[in-house]
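# Coordinate analysis (summary)
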Amino acid sequence: MQYHIVTLFPEWFQSPLNTALFAKASQAGIVGADFINPRDHTLNKHNKVDDSPYGGGPGMVLMVQPILDAVRSIPQTGPIIALTPAGEPLTQKLAEELAREEHLTLICGRYEGFDERLYDLLPIRRISVGEAILNGGETAALALIEATARLQDGYMGKNESGDDESYRHGLLEYPQYTRPENFMGLEVPKELQTGNHGEINAWRRKEALAMTLRHRPDLLAKAALSEKDRETLNRLRQTSFAKNIHIALVHHPVLLKNNTAGSSSVTNLDIHDISRIACTYGIASLQIITPIQDQKLLVRELLDHWTKGDGAKTNPDRAKALSLAHLADSLEQAAENIETLCGVKPVLIGTSAKAEKDKRGREKRLAVPFPAVAELARRQPVLIVLGTSHGLAPEALEQCACILPPIRYMGHYNHLPVRSACAIIIDRLLGDIY
Ligand SMILES: C[S@@+](CC[C@H](N)C(=O)[O-])C[C@H]1O[C@@H](n2cnc3c(N)ncnc32)[C@H](O)[C@@H]1O
């Protein structure tokens, strides 16, 4: 692989490309690098390569002509790549694709970047090395060079040492350990010491899934997963953050038809359906909130029938779902119930079909996106507070630390039944993306 590096600072590369494996591979003729400086291709007498941006603003922009001519001076370019924050992300898959080329031309930006017309004049692929801004494309080019060079035959001691690494099969790598077996009381996992390859591989696969779920769950959407992997992931999700999510079904205080705060009646259907949603997603509990005595008696009778009475014998699945349901007089009492269950008070997360407004009709606080609440639920218990009737009364919303966005912003009609809204909200927080 020959790298043609278009840069204003060739000296940037001297140490990295003359050290360790790249230096050895370059001596062995496996890789090579040459440098083309746009400053050597300027047509103006001061060798200027940049100018101020049209439209004003800080910084300088790289002029088209010196870079265009620098690239055109390369006899065989291979794919032409511009390192830019606006590029496609450098991934292992992309590195594997580029590693199959014999030549790569890498254009390193500086200052405010390239004049956009460069892309009209050359067939350039834009690549970024991450969502952070570097001062120049040289460091980004080095990342791309290292990722592709190590995939060349003979570059690494053992070619297979690249086989199991993070991203290779769409997952992060499993944790690695070396001697000593016990360091400050921390033991190497027993499974790795059995010498049984089947057991070691099963442990590594499970840990790779756990590592990916914990640190890069987005990767799971594209990873090739077996049925067993999915089962492992479901178990991990239930024992990790679904167990931190609780649902409150509030019948008081809610908004009634005339827009005043009051109480709504409990309904059989909501209790059954929301318990089943909770059970399906591994939710920790459902808190049914009503301070009204006869309503509480109705709920108690219903729950007893399905969890302890005849219903439990004929339908054990229903018994399992309804055993997640608890009664509470108020949101405060629901939070105490949860503290009794898991030892920590939950963060209350409000829900509403509309943006929360103040008295003057202005948006009161910005809704917190679903992924941020899912992230919070990884760390501590949360109580998703759902209103019946016309939604949670303002005093209930005020008890919530934040609110989720309405399910639909578009259009005027946004009246979902509470159990449908619950299913959508829970799926947005916990839905399997793989
Ligand atoms: C200061 S940056 C210019 C940033 C540019 N104004 C923007 O906001 O997109 C200068 C040069 O560094 C390189 N660079 C910076 N961050 C990068 C990244 N994350 N990936 C690849 N190249 C990057 C590019 O070559 C870029 O032209």
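The subject of this paragraph is the pairing of strand 16 (residues 382-387). With six of its six residues buried, strand 16 lies for the most part within the structure. Residues Val382, Ile384 and Leu386 point to one face of strand 16 and Leu383, Val385 and Gly387 to the other, with burial holding for every one of them. With six bridges joining them, strand 10 (residues 245-250) and strand 16 adopt parallel strand pairing. Looking at the pairing, isoleucine 247 lines up with isoleucine 384 of strand 16.

Attention now moves to the site of the ligand. Close contacts around the ligand come from 19 residues, with Leu83, Gly109, Gly130, Ala132 and Leu134 the closest. Backbone polar atom of glycine 109 to an oxygen atom of the ligand: 2.9 Å apart, as the coordinates give it. In the environment of the ligand, an oxygen atom lies 3.5 Å from a nitrogen or oxygen atom belonging to the backbone of glycine 136. When isolated, the ligand has an accessible area of 590 Å², and the protein chains bury 83% of it. Listed by contribution, the elements that provide at least two residues to the shell around the ligand are strand 5 (80-89), strand 7 (124-128) and helix 5 (137-149). If one sorts the elements of the shell around the ligand by residue count, strand 5 sits on top with three residues. A breakdown of the residues in the shell around the ligand according to their chemical character gives nine nonpolar, eight polar and two charged.

On to the packing of aromatic side chains, then. In this structure the tally under the stated criterion is four aromatic pairs. Plain terms: the ring middles of tyrosine 3 and phenylalanine 22 are 6.3 Å apart, the flat faces sit at 40° to each other, and that makes the pair tilted. Here the residue tyrosine 3 occupies a position in strand 1 (residues 2-6), and phenylalanine 22 occupies one in helix 1 (residues 20-27), the gap between them amounting to 19 residues. Aromatic pair phenylalanine 13 and phenylalanine 35: ring centres 5.5 Å apart, planes at 45°, arrangement tilted. Here the residue phenylalanine 13 occupies a position in the loop between strand 1 and helix 1, and phenylalanine 35 occupies one in strand 2 (residues 32-36), the gap between them amounting to 22 residues. On the accessibility criterion, phenylalanine 35 (31% relative accessible area) is partly exposed.

In this section: the domain arrangement of the protein. On domain assignment, one finds that the protein holds domain 1 (2-162), domain 2 (182-236) and domain 3 (241-429). Each of domain 2 and domain 3 has a C-alpha centre, and the two are 34 Å apart.

What follows deals with the sheet that holds strand 13 (residues 285-289). Taken together, the six strands give an open sheet; going across it, the order is 14-13-10-16-15-17, and neighbouring strands pair in parallel fashion. Each of the sheet's edge strands pairs with one partner strand only, and the pair in question is strand 14 (325-328) and strand 17 (402-403). Pairing geometry for strand 15 (residues 347-350) and strand 17, over two bridges, is parallel. By the bridge assignment, glycine 350 is partnered in strand 17 with isoleucine 403.

Turning to the environment of leucine 62, a few remarks are in order. Looking at the element boundaries, leucine 62 is found in strand 4 (residues 61-62). Linking leucine 62 and lysine 206, residues 144 residues apart in sequence, is a C-alpha distance of 49 Å. Apart from residues no more than four positions distant in its own chain, leucine 62 is found in contact with Leu8, Val49, Asp50, Ile67, Cys108, Gly109, Arg110, Tyr111, Gly113, Phe114 and Asp115.

We now examine helix 9 (residues 293-307). In this model helix 9 runs 21 Å from its N-terminal to its C-terminal C-alpha over 15 residues, within 8% of the 21 Å that 1.5 Å per residue would give. Buried residues of helix 9: Gln295, Lys296, Val299, Leu302, Leu303 and Trp306, and no others. Around the axis of helix 9, the buried residues are gathered within 130° of arc, so they sit on the same side. Residues of helix 9 that are exposed and point more than 90 degrees away from the buried face comprise Gln293, Leu297 and Glu301. Contacts made by the buried residues of helix 9 are with helix 8 (268-281), strand 13, helix 10 (310-314), helix 11 (316-322) and strand 14.

This part is about the sheet that holds strand 7. The strands that make up a sheet pair up through hydrogen bonds in the backbone, lying either parallel or antiparallel. Pairing is parallel in the open sheet, where five strands are placed in the order 2-1-6-5-7. Since the sheet does not close on itself, it has two edges, and those belong to strand 2 and strand 7, each with one partner. Strand-to-strand twist across the sheet, computed as the mean angle between neighbouring axes with direction ignored, equals 35°. Looking at chain direction, strand 5 and strand 7 are connected through six bridges and run parallel. Paired with isoleucine 80 across the strands is isoleucine 124, a residue of strand 7. Relative to the sheet, helix 3 (residues 92-99) contacts strand 5, strand 6 (103-108) and strand 7, its axis offset from that of strand 7 by approximately 140°.

Reading the values: rules and limits
Residues numbered from 1 in each chain as written. Predicted model: local features only at pLDDT ≥ 70, side-chain atom pairs only at ≥ 80, totals over all residues. Heavy atoms only, no water. Buried < 20%, exposed > 50% of the residue type's maximum accessible area, 1.4 Å probe, protein only. Helix = DSSP H or I, 4+ residues; strand = E, 2+ residues; numbered from the N terminus. Pairing = 2+ DSSP bridges. Near = heavy atom within 4 Å. Polar contact = N/O pair within 3.5 Å; in protein donor to acceptor, adjacent residues only side chain to side chain. Areas by Shrake-Rupley, 256 points an atom, 1.4 Å probe, with all protein chains shown as cover. Nonpolar A, V, L, I, M, F, W, Y, C, P; charged D, E, K, R; others polar. Phe/Tyr/Trp six-rings, centres within 6.5 Å; stacked < 30°, edge-to-face > 60°. Domains from an automatic or database assignment. Contact = heavy atoms within 4.5 Å. Expected span 1.5 Å × (residues − 1). Arc of directions from axis to C-beta. Axes fitted to C-alpha atoms, helices over the stretch in contact; angles between N-to-C directions.

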